[in-house]
Amino acid sequence: MSSPTMSSPTMSSPTMSKPLLTVSDIHTYYGDSYVLQGVSLTLHKGQIAAILGRNGMGKTTLIRSVAGLTPPRTGDIVYRDISLRGKPPYAIAQAGIAIVPQGRRIFRSLSVRENLMLPTSVLARSSRASNGRQTGQRWDFDEVLKEFPQLAERIDHPGGSLSGGEQQMLSIGRALMANPEMILMDEPSEGLSPRLVLQAQEIMRRLRARGHAILLVEQNLELALSVADEVYVLSSGRFVFHGTPAELAKATQVLDQHLGVSGAKMI
Ligand SMILES: Nc1ncnc2c1ncn2[C@@H]1O[C@H](COP(=O)(O)OP(=O)(O)OP(=O)(O)O)[C@@H](O)[C@H]1O
Ligand SMILES: [Mg+2]
């Protein structure tokens, strides 16, 4: 954390308030394989933090750690003043954190409607699913279809018949059906055409405008820099950069060494 590139973002604004999510020095393993080696971050309501890094650096493992799918062995994750330590994934989902997993993970043989209804069948009976949240977002089936009219047109089609872009919308729509406050998005632009990447960018901006916080894992640097309020760069399980998109755009050594982008390309 003493590297000169580990500056704190210089922007002011909502970052001065108490964070919604605080990840403190987490260490996460798969068996003996030591992946996250002391990762800390904060995320505020209505903000987007992007996690960048090359393949295999631990980005998905960070998402899985927060979601409770691969809990950290040490360190703590606090969401709205409550420690998530030892909490199973469903309890973390009920607390208000939804996941849009890498590769979408929609159910190919279930219809679009059935895919969308899955979280509600798991979570909706719990009034805790949305209690006490002070955000503007209130998602339900109709709201989700209003946001994604293309899904409405395909509502009774099997998920597997959708295009890549539609499957990504379905994955995001399914996450929204849990009415989350925070969304963990793992490479939502993966495999999308440039036009659909722009659409993903618009969706993220709209979600932020509705008060959602997004922890966004991306390999599309341009997309991440265009939507994120803060950027972290992960390398071999540790952050090697934390700053604003503008600061990262100038950090040529980080871009070159950890993201494989030449400085000239960013100008
Ligand atoms: N279930 C698992 N069991 C053992 N090792 C794993 C498992 N999942 C991931 N790993 C290893 O942990 C490391 C980090 O993987 P992770 O999936 O978090 O990387 P990533 O940054 O998301 O990569 P990508 O950009 O390819 O999605 C890699 O070395 C990977 O091989
Ligand atoms: Mg990954």
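As a reminder, the structure under discussion sits directly above these lines.
An account of the accompanying structure is given in this report. Note that the structure is a prediction, hence the values are computed from the model and not measured.

### Focus: the coordination of the magnesium ion (ligand 2)
Inference 1: Ligation of the magnesium ion (ligand 2) by protein atoms is provided by Thr-60 (OG1) and Gln-102 (OE1), these donors lying 2.0 to 2.2 Å from the ion. On the criterion of sequence distance, the pair formed by Thr-60 in helix α1 (residues 59–67) and Gln-102 in the loop between β6 (97–100) and α3 (112–123) is long-range, its members being 42 residues apart.
Inference 2: Residue Thr-60 is classed as partly exposed on the basis of its relative accessible area of 26%.

### What to know about the sheet that holds strand β7 (residues 182–186)
Inference 1: Read from one edge to the other, the open sheet built from six strands follows the order β6-β7-β8-β3-β9-β10, with strand pairing classed as mixed. The sheet is open, and its two edges are formed by β6 and β10 (238–243), each paired on a single side. Neighbouring strand axes in the sheet, compared pairwise and without regard to direction, differ in orientation by 15° on average.
Inference 2: Strand direction decides the pairing type here: strand β9 (residues 230–235) and β10, joined by five bridges, are antiparallel.

### With respect to empty space enclosed by the protein
Inference 1: Tallied over the full model, the rule gives one cavity of 30 Å³ or more.
Inference 2: By volume, the largest cavity amounts to about 50 Å³.
Inference 3: Together, Gly-165, Gln-168, Met-169, Ile-172, Leu-192, Leu-196, Gln-199, Ala-200 and Ile-203 line the largest cavity.
Inference 4: Elements represented by at least two residues in the lining of the largest cavity include exactly α6 (164–176) and α7 (194–209).
Inference 5: Per-class residue counts for the lining of the largest cavity are six nonpolar, three polar and no charged.

### A closer look at the site of ligand 1
Inference 1: Ligand 1 sits among 13 residues. The nearest are Gly-56, Lys-59, Thr-60, Thr-61 and Gln-219.
Inference 2: Thr-61 places a polar side-chain atom, nitrogen or oxygen, 2.5 Å from an oxygen atom of ligand 1.
Inference 3: Within the contact set of ligand 1, an oxygen atom lies 2.9 Å away from a side-chain nitrogen or oxygen of Gln-102.
Inference 4: Bound to the protein, ligand 1 loses 59% of the 630 Å² it would expose on its own.
Inference 5: Sort the elements by how many residues they give to the shell around ligand 1 and α1 lands first, with three residues.

### Comments concerning the packing of α6 against α7
Inference 1: Across the interface, α6 lies against α7 with an axial gap of 11 Å and an inter-helix angle of 15°. With respect to α7, the element α6 is oriented roughly parallel. Once α6 is placed against α7, the crossing between them reads as right-handed. Between α6 and α7, the residues in contact are Gly-165, Met-169, Ile-172 and Leu-176 and Leu-196, Gln-199, Ile-203 and Leu-207, respectively.

### Observations regarding the pairing of strand β2 (residues 33–43)
Inference 1: Of the strand pairs in this sheet, strand β1 (residues 21–30) and β2 are connected by eight bridges, and their pairing is antiparallel. Bridged to Thr-28 within β2 is Leu-36.
Inference 2: Linkage of β1 to β2, two consecutive antiparallel strands, is achieved through a turn of two residues, within which Gly-31 is found at a positive phi near 60°.

### Some details on the nonpolar core
Inference 1: Among the nonpolar cores identified, the biggest contains 49 residues, and Leu-116, Met-185, Met-204, Leu-207 and Leu-248 are the most heavily contacted of them.
Inference 2: Of all the elements, α7 adds the most residues to this core, at six residues.
Inference 3: If sequence neighbours within four positions are ignored, Met-204 has contacts with Ile-48, Met-185, Pro-188, Ile-214, Leu-216, Leu-223 and Val-227.
Inference 4: By size, the runner-up hydrophobic cluster in this structure holds 28 residues, among which are Leu-36, Val-39, Tyr-79 and Leu-184.

### Comments concerning the layout of surface pockets
Inference 1: Taken as a whole, the largest pocket holds about 740 Å³ of empty space.
Inference 2: Forming the boundary of the largest pocket are 25 residues, of which Leu-69, Ala-98, Ile-99, Pro-101 and Arg-174 lie nearest the centre.
Inference 3: Among the secondary structure elements, those contributing two or more residues to the lining of the largest pocket are α1, α2 (89–95), β6, α3, α6 and β7.
Inference 4: Class assignment for the residues of the lining of the largest pocket results in 19 nonpolar, two polar and four charged.

### Section: the pattern of salt bridges
Inference 1: Evaluation of the coordinates by the stated rule reveals 10 salt bridges.
Inference 2: Lys-18 is paired through a salt bridge with Asp-81; the nearest N and O atoms lie 3.0 Å apart. Of this pair, Lys-18 sits in the segment before β1 while Asp-81 is found in the loop between β4 (74–79) and β5 (82–83), placing the two residues 63 residues apart along the sequence. The residues Lys-18 and Asp-81 share a single accessibility class, namely exposed.
Inference 3: The residue Glu-143 makes a salt bridge to Lys-146 at a minimum N-O spacing of 3.0 Å. Linking Glu-143 with Lys-146, this pair stays in helix α4 (residues 141–147), spanning three residues, or about one helical turn.
Inference 4: A single network of salt bridges, built from pairs that share partners, joins Glu-143, Lys-146 and Arg-210.

Rules behind the numbers
- Residues numbered from 1 in each chain as written.
- Chains lettered and ligands numbered in written order.
- Predicted model: local features only at pLDDT ≥ 70, side-chain atom pairs only at ≥ 80, totals over all residues.
- Heavy atoms only, no water.
- Donors = N, O, S within 2.8 Å, 3.2 Å for Na, K, Ca; no water.
- Helix = DSSP H or I, 4+ residues; strand = E, 2+ residues; numbered from the N terminus.
- Buried < 20%, exposed > 50% of the residue type's maximum accessible area, 1.4 Å probe, protein only.
- Pairing = 2+ DSSP bridges.
- Axes fitted to C-alpha atoms, helices over the stretch in contact; angles between N-to-C directions.
- 1 Å grid on protein atoms, 1.4 Å probe; cavity = no way out; pocket = protein on both sides within 12 Å on 5 of 7 lines; lining within 4 Å.
- Points joined across faces, edges and corners; volume = space filled by probe spheres on them.
- Nonpolar A, V, L, I, M, F, W, Y, C, P; charged D, E, K, R; others polar.
- Near = heavy atom within 4 Å.
- Polar contact = N/O pair within 3.5 Å; in protein donor to acceptor, adjacent residues only side chain to side chain.
- Areas by Shrake-Rupley, 256 points an atom, 1.4 Å probe, with all protein chains shown as cover.
- Parallel < 35°, antiparallel > 145°, perpendicular 65-115°, else oblique.
- Left-handed = near helix turned anticlockwise from the far one by under 90°.
- Contact = heavy atoms within 4.5 Å.
- Core = buried A, V, L, I, M, F, W, Y, C linked by side-chain atoms within 4.5 Å.
- Salt bridge = Lys/Arg side-chain N within 4 Å of Asp/Glu carboxyl O.

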